[in-house]
Amino acid sequence: MKLIKNRLSHLIMGLLLTTGICTPILGASDADWPKKPIVAILPFPAGGSTDVFARAIGVPLGEALGQPIVIENKPGAGGMIALGASAKAAPDGYTLLFSALTNQSISQALFKNPPADLTKDFAPIALIGTIPHLIVVNPSVPAKNLPELIAFIKSKNGDFSYASQGNGSLSHLESTLFMQRIGASGTHIPYKGSAFALPDLIAGNTLMMFDSVTASLPHIQSGKLRPIAIAAAERSPLMPNIPTLGQDGMKQFDVENLYAIYAPKGTPPAIVARLEREIRKILTNPDFKARLGNQGIHPQFANSEQLFIITQSEKEKWAKVVKSANVKID
C-alpha cells in the first residue's frame, strides 16, 4: 500500500501541474442518467478475485445510482476479449470496463494485435485498489518455503507443470520471470482465470501457481493449497507468517496488481464525473474497506485524471518488462 501511494504522488506531481480540474455539469441529455441497468464487463470468470472485487463494488454503486450493475464475465486472451468488447460498446454510460489494469497492460504488450488500448480507447473513471499475488503449491510438493521450492523445481529437470490465469496475464508473466530467475524450466498450462486453474492445482494436475490472495485464501485455509511467498512489497495481514519473495531471498520481485474502472471513449464527462464521485464514497467507507480487507483486497481510490497517468505508466512499464524478459504467448 505504501508503494502505490508513493508512486501516485510522484506521477501526479510531474504531470498534473498545469491541469485545471472542474466538475462537469449534467446536461439535459445526461440529467436523467441512468434510466436502465449498467453493464460492467470483466476480463476474468466468476469466482476469481476480479469478480469478487467487481461484485463488492457493484452492489453499493448500483444503489447509489438507482440502477443495478450487471456483471458480465468475458474471460480469455489475458483480458483482451473483455477489452475489445468494452471498447466497442456505445459510449452512453451503460457499459463499464472493470479492468484488471496490470493484467491488461501486460496483455497489450504481449499480443501482436490487441483489440483496443486502455490509454486511447477508454475514458478513465477511477483506480479502485490492489490485490496482491502469492505463490501457492499443491500439498504434494514437499517445499515449505522459497529456497525449498526452488530446489524442488530444479530437481525435476523440466518435469514440472505450473498454472496461470491465462496467456498474457500477470500470473503468466510472474511465472515466466520466476522460472527465468531460478534458471529452471517447466510446462506452462494457461487457464481462463483462477476459477478454472485452481481445481486442477488442487487435484495435482499442476503443481504451482502465482494467484491472487483473494482466490486462493479459502483453499489455503482448508489445507488444499500451501502458500510459499507473497509477490508484493509487504506481507498480507491475512497470512502474516508468509514472507514476501524479497524477504525469502528473491529481491525486486514485487508487483502492484492494480484494478480500475473505465468507460468507452466518448462517454459524457458528466457521467464519468458522477461515477467517479460515487466510487470514491464507496472506497473511502471504513466498513467497506475492512470487509474487503478480510478477503485480501485493498481498496485504494485515485480519480480519473490520476488514473489516466497511472494507465500510461503501466503501459510503458510492462512493455519494457515483456521486451526485456522476451516473454512469448504459448
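Whatever comes next refers back to the structure up there.
Not measured: the values here are computed from a predicted model. (Residues numbered from 1 in each chain as written. Predicted model: local features only at pLDDT ≥ 70, side-chain atom pairs only at ≥ 80, totals over all residues. Heavy atoms only, no water.)

**Some remarks on the side chain of Arg-274**
Alright, step 1. Position of Arg-274 among the secondary structure elements: in helix α9 (residues 269–283).
Alright, step 2. For Arg-274, a relative accessible area of 17% gives the class buried. (Helix = DSSP H or I, 4+ residues; strand = E, 2+ residues; numbered from the N terminus. Buried < 20%, exposed > 50% of the residue type's maximum accessible area, 1.4 Å probe, protein only.)

**Thoughts on the packing of aromatic side chains**
Each aromatic ring pair is characterised by the separation of its centres together with the angle its planes make.
Alright, step 1. Using the criterion set out here, one finds 6 aromatic pairs in the structure.
Alright, step 2. Members of the aromatic cluster, joined through ring pairs, are Phe-53, Phe-98 and Tyr-259.
Alright, step 3. Sitting over the ring of Tyr-94, Lys-36 keeps its end group 4.8 Å from the ring centre. (Phe/Tyr/Trp six-rings, centres within 6.5 Å; stacked < 30°, edge-to-face > 60°. Lys NZ or Arg CZ within 6 Å of the ring centre and 35° of its normal.)

**Here we look at the environment of Leu-198**
Alright, step 1. Mapped onto the fold, Leu-198 is located in helix α7 (residues 194–203).
Alright, step 2. With 109 residues separating them in the primary sequence, Leu-198 and Ala-89 have C-alpha atoms 32 Å apart.

**Let's talk about the packing of helix α2 (residues 49–65) against helix α10 (residues 286–293)**
Alright, step 1. Interhelical geometry of α2 versus α10 gives an angle of 160° and a closest axis separation of 11 Å. Judged by the angle between their axes, α2 and α10 are roughly antiparallel. Both α2 and α10 take part in a crossing whose hand is right-handed. Where α2 approaches α10, its residues Phe-53, Ala-56, Ile-57 and Pro-60 are matched on the opposing element by Phe-288, Arg-291 and Leu-292.
Alright, step 2. Classifying every residue of the contact of α2 with α10 by side-chain character gives 6 nonpolar, no polar and 1 charged. (Axes fitted to C-alpha atoms, helices over the stretch in contact; angles between N-to-C directions. Parallel < 35°, antiparallel > 145°, perpendicular 65-115°, else oblique. Left-handed = near helix turned anticlockwise from the far one by under 90°. Contact = heavy atoms within 4.5 Å. Nonpolar A, V, L, I, M, F, W, Y, C, P; charged D, E, K, R; others polar.)

**So, the sheet that holds strand β9 (residues 226–230)**
Strand-to-strand pairing in sheets goes through backbone hydrogen bonds, with the strands running parallel or antiparallel.
Alright, step 1. Ordered by their spatial adjacency, 5 strands build an open sheet running β7-β6-β8-β5-β9, and the pairing between neighbours is mixed. Edge positions in the sheet fall to β7 (187–190) and β9, since each of these pairs with one other strand and no more. Averaged over all pairs of adjacent strands, the angle between strand axes in this sheet comes to 30°, irrespective of strand direction.
Alright, step 2. Both strand β5 (residues 133–137) and strand β8 (residues 208–212) contribute to a ladder of 5 bridges, which runs antiparallel. Directly across from Val-136, in β8, lies its bridge partner Met-209. (Pairing = 2+ DSSP bridges.)

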